[in-house]
Amino acid sequence: MRKQQFCFSIGLLAFGVACDINTPTYIQPDKAVEIGMNDVYSATQTVNIKYRSPSMKERERLQAESKTLGFQVPWIDTDGVTLSIDYTITNLSDKPGVATVLVDGANQFTSYDSAAVAMALQMASMMMEDAEEMYVPPLIKTAPVEIPAKGKVSGTIREDDFAEALLDLDALGRWTGPYQVVLYHDSDINRMGLEKVPAKLVVPQLQTLMVTLRGNQRMRLEFLVRVRDERGVLAEGDDDVFRPNPMVFVPPPPMATM
Amino acid sequence: MLRTHHLLSTWVLLVGLAVAGTARAQITEEPPAPFPDTDKFARGIYADAEMGTLFFIGSPRKPLGFGVAAGARFGYDVFQWAAVQVHALGSTHKTDFGAAPQSGELLQLFQLSAELKLSIPIRQVSIFGSGGVGVGHFSTNVLQTSSLKVADQTQLSAIGGLGVDYHTLTRHFSVGLLGNYIKLTGMPGPGAVAATVYMR
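About the criteria used
- Residues numbered from 1 in each chain as written.
- Chains lettered and ligands numbered in written order.
- Predicted model: local features only at pLDDT ≥ 70, side-chain atom pairs only at ≥ 80, totals over all residues.
- Heavy atoms only, no water.
- Helix = DSSP H or I, 4+ residues; strand = E, 2+ residues; numbered from the N terminus.
- Buried < 20%, exposed > 50% of the residue type's maximum accessible area, 1.4 Å probe, protein only.
- Contact = heavy atoms within 4.5 Å.
- 1 Å grid on protein atoms, 1.4 Å probe; cavity = no way out; pocket = protein on both sides within 12 Å on 5 of 7 lines; lining within 4 Å.
- Points joined across faces, edges and corners; volume = space filled by probe spheres on them.
- Nonpolar A, V, L, I, M, F, W, Y, C, P; charged D, E, K, R; others polar.
- Phe/Tyr/Trp six-rings, centres within 6.5 Å; stacked < 30°, edge-to-face > 60°.
- Lys NZ or Arg CZ within 6 Å of the ring centre and 35° of its normal.
- Pairing = 2+ DSSP bridges.
- Axes fitted to C-alpha atoms, helices over the stretch in contact; angles between N-to-C directions.
- Expected span 1.5 Å × (residues − 1).
- Arc of directions from axis to C-beta.
- pLDDT = per-residue confidence, 0-100.
- Core = buried A, V, L, I, M, F, W, Y, C linked by side-chain atoms within 4.5 Å.
- Patch = residues over 30% accessible without salt bridge, like charges linked within 9 Å, V, L, I, M, F, W, Y side chains within 5 Å.
- Areas by Shrake-Rupley, 256 points an atom, 1.4 Å probe, with all protein chains shown as cover.
- Salt bridge = Lys/Arg side-chain N within 4 Å of Asp/Glu carboxyl O.
- Lys, Arg positive; Asp, Glu negative; His and termini not counted.
- Charge placed at Lys NZ, Arg CZ, Asp CG, Glu CD.
- Polar contact = N/O pair within 3.5 Å; in protein donor to acceptor, adjacent residues only side chain to side chain.

Right, let's talk about the overall build of chain B for a bit. Of regular secondary structure, chain B possesses 2 helices and 8 strands. The N-to-C order of helical and strand elements in chain B reads α-β-α-β-β-β-β-β-β-β. Within the span of chain B, comprising 200 residues, buried residues form 42% of the whole. Partitioning the intrachain contacts of chain B with sequence separation of at least 6 by distance along the chain shows that 57% fall at a separation of at least 24.

Have a look at this one:
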């Protein structure tokens, strides 16, 4: 009987330890995003996720895997780290408003900022005396949501939303997919734009997130980035931080219309 | 003839019963004590498992709610009235910060403490008090990002409580109720209460 008691106690402890496996780490931006002041209705806050540098053994493993697969295997990939964002938008005005949250970002190879791309395209088209307003899709965009006056709306950008965005970002950067085709199509439905992406792609994870609030009233966005680190790659304490230099995505210049 | 024989037998039986004296059993040993002998209860190394709830008092009460708590103790009875034990207690909570993004997250609190337990045995019931110090560890840093502004994921803790133990008279088994007050150094508010039932 005493043995049974002991096993029961050990079982409870094991359950407790099991609960601690794969628990997320939350990263909060330095401050909330606010819009609607000075007639600015879009604002961005950047969050950098600090990963540790790979050890010598891990570098050797990455090199071996890269050689086998025929492309550079990222140090931080979507199998090891998954992201989601929990957010709350507060309408600070006395009128109802509509808001949406946009996410761009950078992995270790490519940085994509839809606002910068839009600006670059607009400047290029102005030089061609064919200025037209261009919409450049972000990596992730939530559905516009109505928020009552002084009201709050909460939401989550889920891990599977990020999975699609991360594939798109890598396709744009390393596999030169046509950016509008890549960003407009859902890869689960249609693989258009992903023709050059290898079948056994190891998808790199984001290290920088640019979270934008866009709305039509005075509003505030508070958010938390939820990181599930299954391989222990988040930097802690005195860890040497991984600092890659991703290439900024530059769209091809618009073709002149005849 | 048969009827006469029957009647005669009945009369003989009745007369026999009437003249018979009161039968008395022979006493060969002392009668058993009406109360259990606590010396026969198992003593020495013990283990117990507990289940119940843990809730915070003060400002963390609403955000952390009532958590399901489970724990275990491993100890040694130094005397009949004193024991030392190691106590592991885990509780799981779902956060509620209203509309804030920290709401709806699962969070576990794990605690490990070294304790002294003093008991007053009264027949098969004993009333006891226990107390000690240890560490508490939150499984995530969500509280550090919240309005509670918790200092750290791992904190020192002090624990103390009162309980009642009921021995089942099967030598090794007892059950009981225990209420513990827990103070984590980095948590706002006066502390937490863990109320559990246990089997030893």
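All names here are of chain B. Under the criterion given, the structure shown has 2 cavities of 30 Å³ or more. When its volume is computed, the second largest cavity comes out at roughly 50 Å³. D48, R73, Q85, K117, F128, S130, L178 and Y198 together form the lining of the second largest cavity. Of the residues contributing to the lining of the second largest cavity, the split by class is 3 nonpolar, 2 polar and 3 charged.

Attention now moves to the packing of aromatic side chains. Per the counting criterion, the structure on display carries 6 aromatic pairs over all chains. A centroid spacing of 5.8 Å and a plane angle of 90° characterise the contact between F71 of chain A and W175 of chain A, whose relative ring orientation is edge-to-face. With a gap of 104 residues between them, F71 of chain A in the loop between α2 (56-69) and β4 (81-91) and W175 of chain A in the loop between α4 (159-173) and α5 (179-184) connect regions that are remote in the sequence. Among the aromatic residues, those joined into a ring-pair cluster are Y112, Y179 and F249 of chain A. In this arrangement the basic side chain of K117 of chain B is found over the ring face of F128 of chain B, its NZ or CZ atom lying 4.6 Å from the centre.

Turning to the sheet that holds strand β3 (residues 82-94) of chain B, a few remarks are in order. All names here are of chain B. Strand order in this closed barrel of 8 strands is β1-β2-β3-β4-β5-β6-β7-β8, and the pairing throughout is antiparallel. Averaged over all adjacent pairs, the angle separating strand axes in this sheet is 25°, with direction ignored. In this structure, strand β6 (residues 154-167) lies alongside strand β7 (residues 174-184), joined through 11 bridges in antiparallel fashion. By the bridge assignment for β7, G161 is matched with N180.

Okay, α2 of chain A next. All names here are of chain A. Under the 1.5 Å per step criterion, the end-to-end length of α2 is 20 Å for 14 residues, consistent within 8% with the ideal 20 Å. Along α2, the positions that sit buried rather than exposed are E58, L62 and S66. Considered in projection along α2, the buried side chains sweep an arc of 75° and stay on one side of the axis. Of the residues in α2, the exposed ones pointing more than 90 degrees away from the buried face are M56, K57, Q63, K67 and T68. Positive backbone phi, approximately 90°, marks G70, located one or two places after α2.

Here the focus is α4 of chain A. Residue pairs three or four apart in sequence face the same way in an α-helix, which turns once every 3.6 residues. For α4 of chain A, which comprises 15 residues, the first-to-last C-alpha distance of 21 Å matches the rise-based estimate of 21 Å (1.5 Å per residue) to within 8%. Where α4 of chain A is concerned, the buried positions are F162, E164, A165, L166, L167, D168, L169, D170, A171 and L172 of chain A.

All names here are of chain B. With phi around 55°, R123 is a residue other than glycine that occupies positive phi space. Locating R123 in the fold gives a position in the loop between β4 (106-122) and β5 (125-138). At K149, a residue that is not glycine, the phi angle is positive and equals roughly 50°. Among the secondary structure elements, K149 is positioned in the loop between β5 and β6.

As a further point, take the confidence of the model for chain B. The predicted model of chain B averages 87 in pLDDT, with 80% of residues at 70 or higher. The complex model carries a pTM of 0.81, and its ipTM stands at 0.79.

Residue and element names in this part refer to chain A. I85, Y112, F162, L209 and V225 are the most contacted members of the largest nonpolar core, which has 59 residues in total. If you tally residues by element for this core, the top one is α4, at 7 residues. Contacts of I85, omitting those with residues within four sequence positions, involve V103, G155, T156, I157, F162, L209, V211, F223, L224 and V225.

For the rest of this paragraph, the subject is a negative patch on the surface. All names here are of chain A. A contiguous patch of negative charge, built from E236, D238, D239 and D240, is present on the exposed surface. With respect to the helices and strands, the residue D238 is situated in the loop between β11 (219-229) and β12 (247-248). Assessed through its relative accessible area of 83%, D238 is described here as exposed.

What follows deals with the side chain of E58 of chain A. All names here are of chain A. By secondary structure assignment, the location of E58 is in helix α2. Here E58 falls in the buried class, since its relative accessible area comes to 17%. A polar side-chain atom of E58 sits 2.7 Å from the main-chain amide nitrogen of S55. Once you skip the residues sitting within four places of it in the chain, E58 turns out to touch R52, S53 and W75.

What follows is about a nonpolar patch on the surface. Residue and element names in this part refer to chain B. Together, I45, Y76, V78, F79, W81, V84, L116 and L118 make up an exposed nonpolar region whose accessible area comes to about 790 Å². The topology assignment puts V84 in strand β3. When its relative accessible area of 41% is taken as the criterion, V84 is described as partly exposed.

Residues and elements named next belong to chain B. For S113, the location among the structural elements is in strand β4. Separated by 2.9 Å, the side chains of S113 and E115 make a polar contact. Excluding anything up to four places from it in sequence, S113 contacts Q85, V86, H87, V133, G134 and I159.

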